[in-house]
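What follows is the residue order along each chain.
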Amino acid sequence: MRQILVDFGCFVPCHKCIDNQINTFAGIELRLECNEIMKTKNYNLETGEAIITKGYNLPSKNIIHAVGPIINNFVTVEKEIELANCYINSLELAIKNGIRTIAFPCISTGEFRFPKELACRIAIQTVDEFLTENREKIDKVIFNVYGEEDYQIYERTSRKN
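Residues numbered from 1 in each chain as written. Predicted model: local features only at pLDDT ≥ 70, side-chain atom pairs only at ≥ 80, totals over all residues. Heavy atoms only, no water.

### Some details on the overall build of the protein chain
Line of reasoning, step 1. If you tally the helices and strands in the protein chain, you get 5 helices and 5 strands.
Line of reasoning, step 2. For the protein chain, the N- to C-terminal ordering of α and β elements is β-α-α-β-β-α-β-α-β-α.
Line of reasoning, step 3. Classification of the 161 residues of the protein chain by burial places 45% in the buried group.
Line of reasoning, step 4. Restricting the contact set of the protein chain to residue pairs at least 6 apart, pairs at least 24 apart contribute 65%.
Line of reasoning, step 5. Surface accessibility of the protein chain: about 8,900 Å² in total, with carbon and sulfur atoms responsible for 51%. (Helix = DSSP H or I, 4+ residues; strand = E, 2+ residues; numbered from the N terminus. Buried < 20%, exposed > 50% of the residue type's maximum accessible area, 1.4 Å probe, protein only. Contact = heavy atoms within 4.5 Å. Areas by Shrake-Rupley, 256 points an atom, 1.4 Å probe, with all protein chains shown as cover.)

As structure tokens, this is what we get:
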């Protein structure tokens, strides 16, 4: 079984986001591979877009990097769609690469300030709708939460669905 971890593509050095943690523990090879990919895209990834790399020093064969939306003042419908696209594009990349198990962090809810309750509803609804049409292609989706607060939000939200 190939497992994959999804992060959300921050390129700000020393930023306190999960992406920098993943890059730190995966090793310098991950940053070098990401840099090569970014060169081919003229250093421009759209919000919601996803790319795939090797996992290097992580206990995962691959990592999917999805660029999450940044919330400045309030959440717009466009930001909600961009967040949903992070999940959709990541799942599509997983299928395209023969990956059947995927773990998602709470995309954009930390430094990127997406409200946790809303982000959770979008994540669960988007993944659920995607799996309705692709159940035979994905064996397991894991929502890997940051702490107790996130765990409680996902528990409450998943019971409602």
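### Let's talk about the nonpolar core
Line of reasoning, step 1. Counting 29 residues, the largest nonpolar core has L83, Y87, L91, F104, F114 and Y154 as the members making the most contacts within it.
Line of reasoning, step 2. Mapped onto this core, the elements with two or more residues apiece are β3 (62-66), α3 (77-96), β4 (101-104), α4 (116-134) and α5 (148-160).
Line of reasoning, step 3. For this core, the leading source of residues is α4, giving 9 residues.
Line of reasoning, step 4. With residues near it in sequence (within four places) discarded, F114 still touches P69, I71, V75, K79, E80, L83, S108, T109, A119 and I122. (Core = buried A, V, L, I, M, F, W, Y, C linked by side-chain atoms within 4.5 Å.)

### Quick notes on the state of the cysteines
Line of reasoning, step 1. Under the defined criterion, the tally for this structure stands at 0 disulfides.
Line of reasoning, step 2. Not part of a disulfide, C106 finds its nearest cysteine sulfur in C120, a span of 7.5 Å.
Line of reasoning, step 3. Take C106: its relative accessible area is 3%, and that puts it in the buried class. (Disulfide = S-S within 2.5 Å.)

### Here's the deal with empty space enclosed by the protein
If a probe the size of a water molecule is rolled over the atoms, the empty space left behind becomes visible.
Line of reasoning, step 1. Within this structure, the stated rule accounts for 1 cavity of 30 Å³ or more.
Line of reasoning, step 2. Taken as a whole, the largest cavity holds about 50 Å³ of empty space.
Line of reasoning, step 3. Lining of the largest cavity is provided by Y87, C106, I107, T109, K116, A119, C120, D150, I153 and Y154.
Line of reasoning, step 4. Elements supplying a minimum of two residues to the lining of the largest cavity: α4 and α5. (1 Å grid on protein atoms, 1.4 Å probe; cavity = no way out; pocket = protein on both sides within 12 Å on 5 of 7 lines; lining within 4 Å. Points joined across faces, edges and corners; volume = space filled by probe spheres on them.)

### A short note on α3
Line of reasoning, step 1. With 20 residues, α3 extends 28 Å between its outermost C-alpha atoms, agreeing within 8% with the 28 Å of an ideal straight helix rising 1.5 Å per residue.
Line of reasoning, step 2. For α3, every residue scored as buried is listed here: E82, L83, A84, C86, Y87, S90, L91, L93 and A94.
Line of reasoning, step 3. Phi for G98, located one or two positions after α3, is positive at around 70 degrees. (Expected span 1.5 Å × (residues − 1).)

### Describing the packing of aromatic side chains
Line of reasoning, step 1. This structure, assessed with the given rule, holds 3 aromatic pairs.
Line of reasoning, step 2. Where F143 meets Y154, the ring centres are 5.2 Å apart and the plane angle is 35 degrees; that geometry is what we call tilted. Separated by 11 residues along the polypeptide, F143 in strand β5 (residues 140-143) and Y154 in helix α5 bring together distant segments of the chain.
Line of reasoning, step 3. One aromatic cluster is present, built from ring pairs that chain together Y87, F104, F143 and Y154. (Phe/Tyr/Trp six-rings, centres within 6.5 Å; stacked < 30°, edge-to-face > 60°.)

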